[in-house]
Each structure stands twice: as structure tokens, then as C-alpha cells.
Amino acid sequence: MNDDVRNIVLGVAATAISGGFGWFSRTYLWRRDLRRKQAFFGLPTGSDCLFVVNRQMGGKDSSLHRNDAFALLEISALIRDCGATVQIVPHDTARQGFGERAEFCVGGPASNSRTTAHLASLLPGVRMNVRPEQVPERGAISVDGQTYLWEPGVAEYVLLARLVAGRDSRPVFLLCGQTATSNQAAARYLARHHQELARKYRGSAFCLLLKVVNSDAYGPDVTERVADVTRAARTPVAAAA
């Protein structure tokens, strides 16, 4: 074998080894990221999860706001990436416990009775005004001694929470907003920041207060993180006082 042939053979071998190593590295990183995503959402491959949909405020019991449907699509993409399946259930028929399978619950207590139950049992430090009258306090979220008023089209608030009942239980993700636009904003925030949230909270529960800015102009796209209210939200109001 002369030098030219040997150099060609060595070059081909080096290319094959380099390509194989690159493929292995990419596959390893992809599988690692997938396992982390599945652990964060409680969605191992082949598992089933629950998506509890609310009704449109002021609409019929079976109606769903367009932005809440968009929130469903945002979350469905995450579920599909994890290799899981989803069961969509109206809020007033989801009469079952939590922890056996992952759950995504969308909408405030005025439009979702399942949210009302989760707030009472898992986030007792949160209060949300559900009065139907057109008053400034309508839809206001109170937590940690602060009250966040809904300013239509200007400032809309939403709670994004990951709740766990026990060490081995599957999580409940609660997207409790003042409007359908804020619900969609929370779903989009979860989709974009789940890796950061998984690293920070390492599988534990959290509750974040988000603010949707100028939704009349930007829709759900401009969202600010206002505060981490986990401790206050999980502490009963009477105990905190």
C-alpha cells in the first residue's frame, strides 16, 4: 500500500469515526433532554395525561374560548414530544383525584370548577375574585399580601403552577389566568421555559405569577415574570395572617 492509498484509507476512517461519534453525542444529548422533559412533566413514553378544559366566561357550558384552544395546542405539542397521549375532559366532568397521571388544568375558578378545587386543596394562599359584576376587583388575584387587578387589554395576570401531592405522584400543571389570553400566555411560557424551570425547581412544586402586557397590541406574546409566590400560595391565608 503506497502512501496515497494509506492516506485515503486513514481519511475515510477518521471521517467515519468522527461522524459516528457526532451521531452518538447528538443521540445521547437528545435522549437526556427527553428524559428530563418527561420527568418534569410526569410523562414517560406511552403514558396518558389529563387536560381539563374550562368553559368560555359568559358563554355556554360547552363553549371554549379561541385562546384557550390555542393553549391546548401549545401543551399538546409538549405532550407529543414526550411520547404520551392526552385525554381532554370538560371541567365539570373531571371528578377524579390527582397524582396518578399528569394533569394540565386551564382557566380561572370563574370558568373551571376543577381549578377551584385545586386552589382550595393545593394553593390555599391564593384568592381570586369571581364576582360577575363589572367592578374593578373582578378577576383580581390576591396572594402574599398583594392584589393584582385585571386591566383589560393593558395588564392581565396568570398563575402558572406545578403542583405535586407526594413524592411519587404525577404533577398537576395549573394555568389560572384572568383571561383566556393570559391562559395561552402561561402555556406559551411553560413551553418556552420548561428546561429552565426544571433545572431551578428540580421536580418540586412551584407557583409563578406572570403578567401579560398590552394584550390589545401584542396578544399573549409579551409576558413578564412578576414573582415566585410558591411559599405564600401554599400557605393558608389564616396561617399567614
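Preceding this section is the structure that the text describes.
This one's a predicted model, so the numbers in the text were calculated from it and none came from an experiment. (Residues numbered from 1 in each chain as written. Predicted model: local features only at pLDDT ≥ 70, side-chain atom pairs only at ≥ 80, totals over all residues. Heavy atoms only, no water.)

1. Observations regarding the state of the cysteines
Alright, step 1. The tally for this structure, following the rule as stated, stands at zero disulfides.
Alright, step 2. In this model Cys49 remains outside any disulfide bridge; the closest cysteine sulfur is found in Cys82, 8.9 Å from its own.
Alright, step 3. On the basis of relative accessible area, Cys49 is assigned to the buried category, the value being 0%.
Alright, step 4. Free cysteine: Cys105, not disulfide-bonded; nearest cysteine sulfur from Cys176 at 8.4 Å. (Disulfide = S-S within 2.5 Å. Buried < 20%, exposed > 50% of the residue type's maximum accessible area, 1.4 Å probe, protein only.)

2. Some remarks on the pairing of strand E3 (residues 103-106)
Each regular strand displays side chains that alternate between the two surfaces of the sheet.
Alright, step 1. Here E3 shows two buried faces, one formed by Glu103 and Cys105 and the other by Phe104 and Val106.
Alright, step 2. Relative to strand E8 (residues 172-177), E3 runs parallel, the two being bridged by four bridges. Each bridged residue has a counterpart across the sheet, and for Cys105 the counterpart in E8 is Leu174. (Helix = DSSP H or I, 4+ residues; strand = E, 2+ residues; numbered from the N terminus. Pairing = 2+ DSSP bridges.)

3. Examining the pattern of salt bridges
Alright, step 1. The final tally for this structure, using the stated rule, is six salt bridges.
Alright, step 2. For Asp81, the salt bridge goes to Lys37, with nearest N and O atoms at 3.6 Å. Of this pair, Asp81 sits in helix H2 (residues 66-81) while Lys37 sits in helix H1 (residues 3-41), and the two are 44 residues apart along the sequence.
Alright, step 3. The exposure class assigned to Asp81 is partly exposed, which follows from its relative accessible area of 41%.
Alright, step 4. Taking relative accessible area as the criterion, Lys37 reaches 18% and is therefore assigned buried.
Alright, step 5. Between Arg188 and Asp221 there is a salt bridge whose closest N-O contact spans 2.2 Å. Highlighted residues: Arg188 in helix H4 (residues 180-201) and Asp221 in the loop between helix H5 (215-218) and strand E10 (223-228), separated in sequence by 33 residues. (Salt bridge = Lys/Arg side-chain N within 4 Å of Asp/Glu carboxyl O.)

4. Notes on the packing of aromatic side chains
Alright, step 1. The tally for this structure, following the rule as stated, stands at eight aromatic pairs.
Alright, step 2. Aromatic pair Phe40 and Phe206: ring centres 6.3 Å apart, planes at 10°, arrangement stacked. In this pair, Phe40 sits in helix H1 while Phe206 sits in strand E9 (residues 206-213), placing the two residues 166 residues apart along the sequence.
Alright, step 3. Considering the side-chain rings of Phe41 and Phe104, the 6.2 Å spacing of their centres and the 40° angle between planes classify their relative orientation as tilted. Within this pair, whereas Phe41 is found in helix H1, its partner Phe104 is found in strand E3, the two being separated by 63 residues in sequence. Residue Phe41 shares its accessibility class with Phe104, and that shared class is buried.
Alright, step 4. Taken together, the aromatic side chains of Phe40, Phe41, Phe104, Phe173, Tyr201 and Phe206 make up a single cluster linked through ring pairs. (Phe/Tyr/Trp six-rings, centres within 6.5 Å; stacked < 30°, edge-to-face > 60°.)

5. Topic: the side chain of Asn54
Alright, step 1. Here Asn54 lies in the loop between strand E1 (48-53) and H2.
Alright, step 2. Given the relative accessible area of 6%, Asn54 is considered buried.
Alright, step 3. A polar contact is formed between the side chain of Asn54 and the side chain of Ser111, at a distance of 3.1 Å. (Polar contact = N/O pair within 3.5 Å; in protein donor to acceptor, adjacent residues only side chain to side chain.)

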